[in-house]
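# Coordinate inspection notes
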Amino acid sequence: MKKYLVMMMAFLPVLMASAPAFAQDGSEASINRGLIGLAAGLGMGIGTFGGAMGQGRTAAAAMEGIARNPQAAAKVQTPMIIALALTESLVLFTLVITFFLQNKV
């Protein structure tokens, strides 16, 4: 029951922010615009959250590896930076897609 309540409280701001998008006239075009706006906002939020979680886990694993074997720091650091750059590129792709979706609104 507590998990359900926490999830509802987490999604309440999203629903409150999207309410004006659904308060437009009943034409199909405005409903589609509202859904596109909602998809852009949710996509950016989920993309950013996933990228942050991935970068945090990557950095934690690299720091743990360096702590276990300090001589391998140079060998661990380069792949870590490449992995962080690739993870950040996925977040930037999400940002670009979000901008394209908002241009349709």
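Further up the page is the structure itself.
Read on for a plain summary of the structure. (Residues numbered from 1 in each chain as written. Predicted model: local features only at pLDDT ≥ 70, side-chain atom pairs only at ≥ 80, totals over all residues. Heavy atoms only, no water.)

### Notes on the overall build of the protein
Counting secondary structure elements, the protein contains three helices and zero strands. In the protein, the order of α-helices and β-strands from amino to carboxyl end is α-α-α. Here the protein, with 105 residues, has 12% of them falling under the buried criterion. A separation threshold of at least 6 residues defines the contact pool for the protein, and within that pool the share at least 24 residues apart is 67%. Carbon and sulfur atoms make up 73% of the accessible area of the protein, which amounts to about 8,000 Å² in all. (Helix = DSSP H or I, 4+ residues; strand = E, 2+ residues; numbered from the N terminus. Buried < 20%, exposed > 50% of the residue type's maximum accessible area, 1.4 Å probe, protein only. Contact = heavy atoms within 4.5 Å. Areas by Shrake-Rupley, 256 points an atom, 1.4 Å probe, with all protein chains shown as cover.)

### Considerations on the environment of Thr-94
Relative to the elements of secondary structure, Thr-94 occurs in helix 3 (residues 73-103). Placed 47 residues apart in sequence, Thr-94 and Gly-47 show a C-alpha to C-alpha distance of 6.2 Å. Residues contacting Thr-94, with those up to four places away along its chain left out, are Gly-43, Met-44 and Gly-47. Polar contacts involving the side chain of Thr-94 include one to the main-chain carbonyl oxygen of Leu-90, which spans 3.0 Å. (Polar contact = N/O pair within 3.5 Å; in protein donor to acceptor, adjacent residues only side chain to side chain.)

### Description of the pattern of salt bridges
Opposite charge on two side chains permits pairing when their charged atoms draw close. The full count for this structure, using the stated rule, is one salt bridge. Glu-64 serves as the salt-bridge partner of Arg-68, at 3.1 Å between the closest nitrogen and oxygen. Here the residue Arg-68 and the residue Glu-64 both occupy positions in helix 2 (residues 28-68), the gap between them amounting to four residues, near one helical turn. Classification of Glu-64 by relative accessible area gives partly exposed; the value is 43%. (Salt bridge = Lys/Arg side-chain N within 4 Å of Asp/Glu carboxyl O.)

### Quick word on a nonpolar patch on the surface
There is a patch of nonpolar side chains on the surface, built from Leu-92, Leu-95 and Phe-99 and spanning about 270 Å² of accessible area. Position of Leu-92 relative to the elements: it lies in helix 3. (Patch = residues over 30% accessible without salt bridge, like charges linked within 9 Å, V, L, I, M, F, W, Y side chains within 5 Å.)

### As for the environment of Leu-95
Relative to the elements of secondary structure, Leu-95 occurs in helix 3. On the basis of relative accessibility, which here comes to 31%, the residue Leu-95 falls in the partly exposed class. C-alpha separation for the pair Leu-95 and Met-44, spaced 51 residues apart in sequence, amounts to 6.3 Å.

### A few points about the side chain of Thr-87
Assignment of secondary structure puts Thr-87 in helix 3. What Thr-87 contacts, discounting residues up to four positions off in sequence, is Gly-51 and Gln-55.

### Describing the side chain of Thr-98
Relative to the assigned elements, Thr-98 resides in helix 3. Take Thr-98: its relative accessible area is 8%, and that puts it in the buried class. A distance of 2.7 Å separates a polar side-chain atom of Thr-98 from the backbone oxygen of Thr-94.

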